Each structure stands twice: as structure tokens, then as C-alpha cells.
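Residue strings, one per chain:
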Amino acid sequence: MGESFRNEEEQDNGGQQEGGLWSSRHQNGDMKRAAAQLIEKYYFQLTDGCGNPLCDNPNCASSGKVGPLSSNEAAGKALQLFAARAKLCEVVGAKMPRSSQSLTLGSGVNAASAQGPSSTGSTATCSLVRDVNMAGASNPSTPLPPLLPQVDELSKTPGLTEETLYLTITECRSSNNYAKLRRLLWAVFSNEVALRHSFLKNPESEERSNETLVECKDLDTTGVQSKEELRALEKDLDKDLDCAEVLCVGEGAASICDGDEKENDENQSAKNAILPSALDIGEVRRAYASLFECPEMEFGNTLMNAIVQLLSDSLSIQLRAHRDAFTAIPNNINIFIILIESPALNTTDFIEGVMPKMCRTISQLPEKDQALLVKHLATWEGSRLHRLLASLHQLITIKLLTTEFSRDFTINDEDSITSATQVMKLLFYASILGGELDTPLLKDLPSEDSSTESMPLHDDPFLGVSGAGKDWAARAPPKDSLGTELGIHVLDARTPLVPLSEFYDDFLSDQLEMDRDFAYYKAGSGDKFSFLNFPFILTAATKALGLYYDNRIRMYSERRISIYQQVIEGMPANPYLKLRIRRDHIIDDALVELEMVALENPGDLKKQMVVEFEGEQGIDEGGVSKEFFQLIVEQIFNPDYAMFCLNNETRTFWFNPNCFESDAQFTLVGIVLGLAIYNNVILDVHFPPVMYKKLCSKPGSFHDLREWNPTLYRSLVELLEYEGEDMEDVFMQTFRVGYQDVFGTSLTHDLKTDGDNILVSQSSKHEFVELYADFLLNKMVERQFRAFRRGFNMVTDDSPLANLFRPEELELLVCGSQHYDFMELMKSAEYDGGYTSETSIIQAFWELVHDMSTEDKKKLLQFTTGSARVPVGGLARLKLIIARQSSDCDRLPTAHTCFNVLLLPEYSSKEKLKDRLYKAIKYSQGFGML
């Protein structure tokens, strides 16, 4: 076999030399050299051909039988041909490089430097060897392992500079041969050491580099004088690139130098002293701009393959095996900053080929490094951050569409999707950090420990009672470890760079098996990925389903405990929270019963609620509870009770600071709100957004006045925008403010001690508006809101509510959507009793519905479902069922609100249907709903 192989080589005019090499195959260096040369020949035979137009070799490009191949594919194919000892064509001309131009394997000598930039074969050889190495690394079964550790001079480069890149591009452009550029990109972007030390700021040489760049840009790129000068400049630059740092697995970091190791170690230590902030972002971006001015076909695949090699074989392995040793190296975050600065980041090829591995590696970084990456992303413009976010969404969508999922392999197991979600978290925090933040950052509501200790028990009956001594009151918002590292919280976002709703992935939310994901979430072991730990990516409707599972499991648990107590301890069975209500005394009956439950056994509030109206038949399967909540909310906000004040401009309610009701009454109102969420009931309440922000344990601030009291907000904005030095004379505003109670009595409050004698000036205007807003939204209603929140937390304290929902999502969860799209309801409707979507009475019904006014549509929803509110996720989630009740008759339509079933007789005409339907929805309260 050795003889026949030698004969094939001797077909080339350099065959004698190669035959001699083969005869001394026992020498390792010669064997490597011969193997590399042969693989090189196969490579160029596949890519360039032999030059014979009559060639019939199926593995030669000249035969026309070889399809288009990328560099990586050609390298892999060359390896296979070498292993099979395939035929080599006789070269016509000088298509294939000769052995004299080949790279000396393992020597670390750059053939380009030895032969000069005009040596096309040498640059191609180096590029080929790199491609072969990459193919061998990606295919463990490929022969020739001696090729894998092959490095050349550029792979030992400590770092790339804008100047070096520009010089290379200039030379390649002048010779119309970009092989050297590809070789440079591979050497740097496939080497973590080189990339980590690329584009660092160097104050001593910065001025010289800038001058050199200016001179280089003035060079004649036509080749008159550039080649000689460029080679001279390149040699000067190479003098500083003589050391490489290699991370040894299991041994930490070590320096391997060609010269004096001690001196180079000292130089390297000086470089390492430059922390990630020493990365010259401007230089990185200019370098990319210069690079992408070149034809992308000349370098694009090489760049992406190099990055894949870097992420697959180097960084990912080291992070998994020796994370602490790797992360201890300074400037390691520079690698990822350079990668995400690439203009190719949003291209389809990059998204599909590189981004999965990049996301996987970034997700393995420790949180300190992730925080550094977040801080860099926070400096981007919102539009650019949005494009990167769109790329991650695209990656997730591609994987969802192209991956076959099964019972044993779900979305939670797809590494590309989960790692993209983890990287999206960095963008989420970057959007918050780079936007406008609320002030002060993460200012939690004051603790109530001191205030509750001094409060008499008769003023708040929920304190000091068995089972009620738990801290139902203010708690700090749950913090994420990355947010803690950054010093921010989701609640601190006022105006993020990218709207937080843009992080929702609707397709992922629809495809996700929430029951399985919720099980992983509750397990909390970390063995399985749960998207509920990354709630920003899930729509509010999907998270509401997860909350529903949590509430139902808790209800079933309470039911089992009740049965256990009955069987084992002989206690009376009480598996439900039963409320027996008189319609004429709904407030008195409901609040009294809830107060007794809260005092005696607050745990009963976690049971499934069942409501019974005295004197009315019907089993509560959800519909009666909906009506109960609707009626009690109407009574609570009745002006006669004076617990809440109505703002006529915004039509929202706020706490009455001078209310005569006790704190216990506000606690019970909070319990009602918590019970509605717990029992999956939407309420028709109208609170300003700051209410839900405060329920999430974030105090109100100046900017919350915009929705709470727009007129006051605009006047304060005018004060802030006034720049004149005569502010005291123009506004005559002191730190004493006035307001009126619900009875119209004028009252005053000093925002500062002796506030009436302190005029607001240019230097104190910001302090004034913050103190004023804090007084209106927090201090003035502190007693009422504290009691209200205590009641709310008595029901929701063990719920993942605070972890999953932001304030605006909590409002949507409580109040439902304001978007009444009855086309969605029609598309999702189901039919029973002989009705179909084609039945004439059904078609007439939907024609009438679409012609209704908004108020009549709300009444129809109230009649059929027990609530006039649109659930989270839209009307399509209602699953309305229209069933045939009877043939033509004079009866009115009826409804089972517990099951969203409308019983509709098959009327003889559309006019009769309209008459009966409008009467039913107008006079439905108290009857017709079961």
C-alpha cells in the first residue's frame, strides 16, 4: 500500500521529494509533513481542480462532478479522500501548491512570513490546515490525530489590533487574494488567548497606532509601494506578538513563550492588570466595519467556523470542567464582548450556526461575568438591543419548528432554547439598566415591625391571634441573584431601552407544556430547566396558567388535610371556604364571615371558595362566585362607604386618607382581592397602576402621578422644566402643600420641618416633587394601604405571584384585558345539541353580536360567563359553548355561567332572536344564571 501511495504522489512534478519523505515515514515530523501535503492536494483538487477540462475524476472540481463545498466541507472531504487513498489528478499548470511552499507541521513557523505575501500557496496551506483541524475536531472519527494540535505563528498571537487587521485587509485587497485575511481571522477567533487580548487599550502606543493607521490609509493599494512597506510594518508589529497564554486543563493557566519566560510573564501580568474595561470598544467596532467592507464570501464562513471552534472546543469545555480556573483569568469577558459586537450577529447563518453555541457558553459564565456583559449591553442603543433580542427569538422559533419533541424530550430539554432564554435574561436586565430607572433604586416599603408592635390589638384584630401572627405585611420584593449582582430589580424599570413586553415569546408560550414546566418549577432542584424561572419570556396568559396550577394544588392539599382531620382526629369536615350570603346584606355578611375566618384560621382562606345566595338554587362551580365578586366590588366602591375616592379625570379609585372605617375593613377588602386572584376570578376594579406597583412592594414615586392625577403631574412637570432664576417669585411654592378630604375640608401638610417658610428653588425643586409624590402616594394613605396589603398577602403569601408577575401584569391578572375582540370569541366557540357554525340561528346570533355596542357586548359576557371582563390572553380563552335548548319557543336564553354555556332556543327568525337575547342580557341579574 505504501508503494502504490508513493506512485500516486510521484505523478506530481514534486513526487521525488515526497517519495523520499514517505520512505522515511518512521520520522514523525516527516510523516506529518507528508500527510499535510497530501491532504492539501486533495483539498485544492476539490476546490480548484487539476486544470484538465477532460478530467473524469469524480473527486476533482475540473470534472464538474464536485458540487459547491464550503471550506469546512472541503477540508472534511479531503480527510476522507486521504484516508481512502483516493486518486490524485495530475496537475495542469500550478493549481496545487508544491511541497516547497507547504507549511512545516508542528514547527510554529509562519509560511507566509517565510515566503512573503505573494506566496499564494503558503497562505492557502495555512488556511487549509486550520480547516482540516476544525473538521477533525468536529468529527472524532476522522483519521490523523497528529494534525489536531497544529498551530502556526498567528495562533500564538497575544491579540489582534485594528492596525494589524487593516494592514492585512489592505494587502489582500491589493492582491485580490483574501487567504491571508482568512488565516488571520482563524488564528485569532479560534484562539481564546488571542481573542481575550485583542483590541485592548494601550495608552503608550495609541497615538503611534493612530498615526500609522492614517499613513496606511493613504497607501497605494494598487501595489506600487504597498507590499514592501506593509511587510515591513507587519514585521514591526510581529515583534510585540511573541507570547501566547494557554489554559491547561487541570493545571490552571500557564504561559508558553519562545523567548525569556520571566520577562514575558511580567509583561503579561501588566496586560492582565487591565480589566475588561480596558477593551477598546471603539476599536472593536472600527475593526468590524473595516472587515465587513470586504466581500463577505471571502471571510464569512471562516469567521463563523473559527468562532464555532472556539466555543465548542475551548471555552465550553473549560467552563464545564474548570470554571473557577477559567474565570480567574482577567479579561475573559472580552471574548464575549468582541463576539456580540459582530455585525453578523443578526444574520440567519450566524443565528443558526453560531448563536446556539455562543448562548450555551455565555449561559455557563458565572454571574459576575454575566453582570459585566449586561453592563456592556446596557450601553447599546435600544434599536440595536432589540435586533439582538429578535435574533434570540428567531433562534427559539427555528428550534421549535425543526426539533421533534416527544414525551421524553420536551422543550425544557432542548439546550439551544434554554440557553437562548438564559442569554435573553442578560438582555432583559440590560434593557432595564440602560433605560430610565425609578428613584431611588429598589427602595422597599418600610417594615411594619415597629408600627405593629405599638398598635393596639383592638385597632387591628388580625394581629396577635393564633395563626394570624405571621408577617402578612410589607416584604422586600423577591430578588434575582443576577439583579443583586447588578444592584437593580425588575421593579426599578421606568422606561427600559426595549419595552419589557417585547421579551414575550408568544410561540414558545403557546407550545410550552405548562403542567410539566410547573412541575419542574416547583421541584426547584435545578436538574430540569423551567421557563417559570425566566418569567419575562412568557406571556401573562401562560404565567396565569402556571399560577392557576399552583392555586389548584394548594386547594386540593387543603381538602386532603380537612379529610385527614376528619378521619384521624374526628374534626368536622370543612374542605371548602363556604360563604352564605344575603343579597340585600352582601357587604355585612361577606365581611363578617371573612373576618371570622381570618381571625380563627387564616389557612382556610387557601381553600376553594364556594358561595351560596340565600333563597336561590344553584351549585357554585365558579359562576356564582363570579357574581358574588361582582356584587361585592360594586358595594365596596360605593361612595356611601367612603373607603375610596374617585378621581373624575382618570375614573380610578384611591384610598380615602380620612376614612372612618377601621383598618380591619381595609384588610378585608385586601382579602377579597386576594381571593379573586386565588379563585381565578376577574374583578371590575379601577385602581391606578401605582396600586399594583405598591402591591409588589415598590413605593409610588413622582412618575406614577402621571396615571394617578394627570393634572397635578403636568403642573409639577412645568415646575421642573422652568429654568429661570426667579422661580421663588414666579411659583411662590413652599414645602407646605394643601389638599382636601372627601368632605371638601382644606388641610395642609409640611413636607419638611417648617415647610411653610421654605420656598422651592431651582436647587430644591426635584426634592420638592419627590417629597410631594411620596406624601400623596405613600405617607398619606400608609395606614389604609398597609391594612389592605396585609389582607391581600394573607391569601397570596405562599403563591409564586410576586415572582412571576410585574405590576402591569398583576393589573391584567386582576382586571383582565380591555380588548373586546368578539371575532376571537366566535372562532373559539364550540357548539352542542345539534348546532354547528353553519346553522342559520348561529350565524344570525353572531351577526347580532358584532352589531352590538360595547356596553351590550359586556352585558352579553356578563350573562354568559358571569363576568364582563376579558380574561388574560383574550376572549379566545373563554371557550364559549352555545347549546340548543329547544325548538322555536318564547323562552329567553339562559346560561350556565360556571361552564360558559349559553342555552339558546332555535328561534324562527333573527328578529325574534334579537328581542329575546336583548331582554335576557338586560334583566339577567339575580336570575337566569345558574
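Analysis parameters
Residues numbered from 1 in each chain as written. Predicted model: local features only at pLDDT ≥ 70, side-chain atom pairs only at ≥ 80, totals over all residues. Heavy atoms only, no water. Helix = DSSP H or I, 4+ residues; strand = E, 2+ residues; numbered from the N terminus. Buried < 20%, exposed > 50% of the residue type's maximum accessible area, 1.4 Å probe, protein only. Polar contact = N/O pair within 3.5 Å; in protein donor to acceptor, adjacent residues only side chain to side chain. Contact = heavy atoms within 4.5 Å. Salt bridge = Lys/Arg side-chain N within 4 Å of Asp/Glu carboxyl O. Core = buried A, V, L, I, M, F, W, Y, C linked by side-chain atoms within 4.5 Å. Pairing = 2+ DSSP bridges. Axes fitted to C-alpha atoms, helices over the stretch in contact; angles between N-to-C directions. Right-handed = clockwise from strand over helix to strand, strands pointing away. pLDDT = per-residue confidence, 0-100.

**A short note on the side chain of D604**
Now for step 1: As for its placement among the helices and strands, D604 is situated in the loop between α27 (586-600) and β6 (609-613).
Now for step 2: Here D604 falls in the buried class, since its relative accessible area comes to 14%.
Now for step 3: Among the polar contacts made by the side chain of D604, one reaches the side chain of K607 at a distance of 3.0 Å.
Now for step 4: With near-sequence residues (within four places) excluded, D604 lies in contact with N574, L577 and V597.

**Thoughts on the pattern of salt bridges**
Now for step 1: In this structure the tally under the stated criterion is 40 salt bridges.
Now for step 2: D915 is the salt-bridge partner of R916, the closest N and O atoms lying 2.4 Å from each other.
Now for step 3: D915 serves as the salt-bridge partner of K919, at 3.6 Å between the closest nitrogen and oxygen. Here K919 and its partner D915 are both found in helix α41 (residues 910-922), four residues apart, which amounts to about one turn of the helix.
Now for step 4: Note on K919: relative accessible area 40%, which makes it partly exposed.
Now for step 5: Residue D915 is classed as partly exposed on the basis of its relative accessible area, which comes to 30%.

**Considerations on the nonpolar core**
Now for step 1: Ranked by internal contacts, the top residues of the largest apolar core, which has 181 residues, are L181, F189, F628, F644 and F768.
Now for step 2: Those residues in contact with L181 that lie beyond four places of it in its chain are L165, T168, I169, C172, L291, C294 and F299.
Now for step 3: Core analysis: the next-biggest nonpolar cluster, separate from the first, contains 29 residues, I841, V849, L904 and A920 among them.

**A short note on the sheet that holds strand β13 (residues 894-896)**
Now for step 1: Taking strand neighbours across the sheet as the criterion, the four strands line up as β11-β12-β14-β13 in an open arrangement whose pairing is mixed. The strands lining the two open edges of the sheet, one partner per strand, are β11 (830-832) and β13. The average undirected angle you get between the axes of adjacent strands in this sheet is 25 degrees.
Now for step 2: Where strand β12 (residues 881-884) lies against strand β14 (residues 901-904), four bridges are found, and the strand directions are parallel. The residue of β14 that forms the bridge with I881 is V901.
Now for step 3: Against the sheet, helix α40 (residues 854-865) makes contact with β13 and β14, and its axis sits at roughly 60 degrees relative to β13, the strand it touches most.

**Some points on the pairing of strand β5 (residues 577-581)**
Now for step 1: Only one face of β5 is covered, namely the one carrying L577, L579 and I581; the face carrying K578 and R580 has none of its residues buried.
Now for step 2: Relative to β6, β5 runs parallel, the two sharing five bridges. When the bridges of β6 are listed, R580 appears paired with E612.
Now for step 3: Assessed by its sense of winding, the connection that carries the chain from β5 through α27 to β6 is right-handed.

**Some details on the confidence of the model for the protein chain**
Now for step 1: Per-chain confidence: the protein chain averages 76 in pLDDT, with 74% of residues scoring 70 or above.
Now for step 2: Scored below 50 in pLDDT, residues 1-27 shows 34 contacts in the model against residues more than four places distant or in partner chains.
Now for step 3: Counting contacts from residues 926-930, a segment whose pLDDT is below 50, to residues more than four positions away or on other chains yields 16 contacts.

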